[in-house]
Amino acid sequence: MGKTTTTTNLGVALAQMQKKTLLIDLDPQGALSAGLGIKVTNETNTIYEVMMDEEIPANQAIHPIQAYLDVIPADNDLAAAAIELMPELRREYVLRNVLGILNGWYDYILIDCPPSLNLLTVNALCVSTGVIIPVQCEFFAIRVVNQLIDSIERTRDRMNPKLRLLGILPTMYSTGTIHSREVLEEMKSIYGDKVFDTIIHKSIRFAEATVANKAITDYASKHKGAEAYEQLAQIVLDMTEPSA
Ligand SMILES: Nc1ncnc2c1ncn2[C@@H]1O[C@H](COP(=O)(O)OP(=O)(O)O)[C@@H](O)[C@H]1O
Ligand SMILES: [Mg+2]
């Protein structure tokens, strides 16, 4: 949990640092698109058309959001893609192929993944150089991290040697609760320095910002949550070279 919130807020923070950033909504639920105020209609080009229709190149699906920040939206049509891609040759690389046209346009492209590890997620892993895993500070949430790390390693070995885990991001941390503190300690004892120093606290402001169609970094820029995502953006900048 926290994938869409992290994609949105990290994207806004990078854009505010004048890094040209593209967010790609790869979840059929379209929460990222909706949260940024994009209304997808029959005429809207989404990532689904870009992936499935050769006549719609990625640059025709870009929606400008604010300075330095663009989005390619998604809607429920994308739910069919995981199945429709099955018979494709090199079906894991469809996203990589269709995004090729954008080479050099952006400093950062962030992909908001669906909740399950399906063919869409594998497509995201095959085009990416880094993965951020947001993990809710609850014991049940830690268990799936191993599975994700396995998938990342398998994808790196078999399909995309450039892929690496950038880090695990603890989110929804409740200050003052023993539970959150224990989960964080557990995460650090298992994953060591793969856990980012930046922690995202639990805050009602995140949900409020979604309702206001704004990332928290815009909605409440003095808020702790906004500062945390700005910190994360700086860490990501330090860890990565902008795509040339
Ligand atoms: N740090 C946080 N504190 C409080 N609520 C949060 C926080 N991060 C996310 N949320 C809320 O939790 C819900 C799920 O978060 P979201 O980022 O959409 O998760 P995912 O994309 O992984 O399903 C949303 O309603 C969001 O507003
Ligand atoms: Mg989401």
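Here, every reference points to the structure presented above.
Residues numbered from 1 in each chain as written. Chains lettered and ligands numbered in written order. Predicted model: local features only at pLDDT ≥ 70, side-chain atom pairs only at ≥ 80, totals over all residues.

Student: I'd love a proper account of the overall build of the protein, names of residues and values included.
Tutor: Across its full length, the protein carries 11 helices and 6 strands. In terms of C-alpha radius of gyration, the protein reaches 17 Å, essentially the compact-globule figure of 18 Å for 244 residues. Each principal axis of the C-alpha distribution contributes one length, and for the protein these read about 55 × 40 × 30 Å. When each of the 244 residues of the protein is scored for burial, the buried share is 41%. Taking contacts inside the protein between residues at least 6 apart in sequence as the whole, the part at least 24 apart equals 74%. (Helix = DSSP H or I, 4+ residues; strand = E, 2+ residues; numbered from the N terminus. Rg over C-alpha atoms; globule rule 2.2 N^0.38 Å. Buried ≥ 20, exposed ≤ 12 C-beta atoms within 10 Å, placed from the backbone. Contact = placed C-beta atoms within 7 Å.)

Student: Report on the site of ligand 1, specifying residues and quantitative values.
Tutor: Every one of the 15 residues lining ligand 1 counts as a neighbour, but Lys-3, Thr-4, Thr-5, Phe-206 and Ala-207 are closest to it. Among the secondary structure elements, those contributing two or more residues to the shell around ligand 1 are α1 (3-16) and α9 (204-211). Among the residues making up the shell around ligand 1, the classes are represented as 7 nonpolar, 6 polar and 2 charged. (Near = placed C-beta within 6 Å. Nonpolar A, V, L, I, M, F, W, Y, C, P; charged D, E, K, R; others polar.)

Student: Mind laying out α1, listing which residues take part and the relevant values?
Tutor: Every α-helix carries 3.6 residues per turn, so stepping three or four residues along brings you back to the same face. With 14 residues, α1 should cover 20 Å at 1.5 Å per step; its first-to-last C-alpha distance of 20 Å lies within 8% of that length. Within α1, 14 of the 14 residues are buried, leaving the element largely enclosed by the surrounding structure. Gln-18 lies just past α1 and shows a positive phi near 65°. (Expected span 1.5 Å × (residues − 1).)

Student: Any chance you could break down the pairing of strand β5 (residues 130-136) for me, citing the residues and the numbers?
Tutor: Along β5, 5 of the 7 residues are buried, which leaves the element largely enclosed by surrounding structure. As judged from the 7 bridges shared by β5 and strand β6 (residues 164-171), these two strands associate in the parallel manner. Considered in β6, the bridge of Ile-133 is made with Ile-168. Chirality of the crossover, the property in question, places the unit of β5, helix α7 (residues 139-158) and β6 among those that are right-handed. (Pairing = 2+ DSSP bridges. Right-handed = clockwise from strand over helix to strand, strands pointing away.)

Student: Can you lay out the sheet that holds strand β4 (residues 108-112) for me, pointing to particular residues and giving the numbers?
Tutor: Across the sheet, 4 strands lie side by side as β2-β3-β1-β4; this open sheet has mixed pairing. Each of the sheet's edge strands pairs with one partner strand only, and the pair in question is β2 (63-66) and β4. In this sheet, adjacent strand axes meet at a mean angle of 25° when their direction is disregarded. In terms of strand pairing, strand β1 (residues 21-25) meets strand β3 (residues 69-72) through 4 bridges, oriented parallel. By the bridge assignment, Ile-24 is partnered in β3 with Ile-72. (Axes fitted to C-alpha atoms, helices over the stretch in contact; angles between N-to-C directions.)

Student: Describe the pairing of β3, naming the residues involved and giving the relevant values.
Tutor: Alternating residues of β3 divide into Leu-69 and Val-71 and Asp-70 and Ile-72, and every residue in both groups is buried. As defined by bridge partners, β2 adjoins β3 across 3 bridges and the pair is classed as antiparallel. Bridging across to β3, Gln-66 finds its partner in Leu-69. The antiparallel pairing of β2 with β3 creates a hairpin that spans 2 residues between the two strands, and Tyr-68 there sits at a positive phi of about 70°.

Student: I'd love a proper account of unusual backbone geometry, names of residues and values included.
Tutor: Note on backbone geometry: most residues besides glycine have negative phi, and most peptide bonds are trans. A positive phi angle, close to 70°, is found at Tyr-68, a residue other than glycine. Topologically, Tyr-68 is positioned in the loop between β2 and β3. Since 20 C-beta atoms lie within 10 Å of it, Tyr-68 is described here as buried. Although it is not a glycine, Met-172 adopts a positive phi angle of roughly 50°. Examined against the element boundaries, Met-172 turns out to sit in the loop between β6 and α8 (178-191).

Student: If you had to explain the environment of Thr-171 to someone new, which residues and values would you point to?
Tutor: Tracing the chain through its elements places Thr-171 in strand β6. Taking the C-alpha atoms as reference, Thr-171 lies 12 Å from Phe-139; in sequence the two are 32 residues apart.

Student: So what's going on with the environment of Val-50? Residues and values would help.
Tutor: With respect to the helices, strands and loops of the structure, Val-50 is situated in helix α3 (residues 47-52). Considered as a pair, Val-50 and Ile-72 are 22 residues apart in the sequence and their alpha carbons are 9.3 Å apart. Contact partners of Val-50, with chain neighbours within four places excluded, come to Asn-45, Ile-56, Ala-58, Ala-61, Ile-72 and Val-98.

Student: Just give me the short version of helix α11 (residues 224-239), but keep the residues and values in it.
Tutor: Helix length check: α11 (16 residues) gives 23 Å between terminal C-alpha atoms against 22 Å at 1.5 Å per residue, within 8%. Those residues of α11 that sit buried are Gly-225, Ala-226, Ala-228, Tyr-229, Glu-230, Leu-232, Ala-233 and Val-236.

Student: Before we move on, can you summarise the packing of α1 against α11 with the specific residues and values?
Tutor: Packing of α1 against α11 brings their axes to within 8 Å, and their N-to-C directions diverge by 70°. The pairing of α1 with α11 is recorded here as roughly perpendicular in orientation. In this structure, the crossing between α1 and α11 has a hand that is right-handed. Contacts from Asn-9, Leu-10, Ala-13 and Leu-14 of α1 reach α11 at Tyr-229, Glu-230, Leu-232, Ala-233 and Val-236. Partitioned by chemical class, the residues of the contact of α1 with α11 number 7 nonpolar, 1 polar and 1 charged. (Parallel < 35°, antiparallel > 145°, perpendicular 65-115°, else oblique. Left-handed = near helix turned anticlockwise from the far one by under 90°.)

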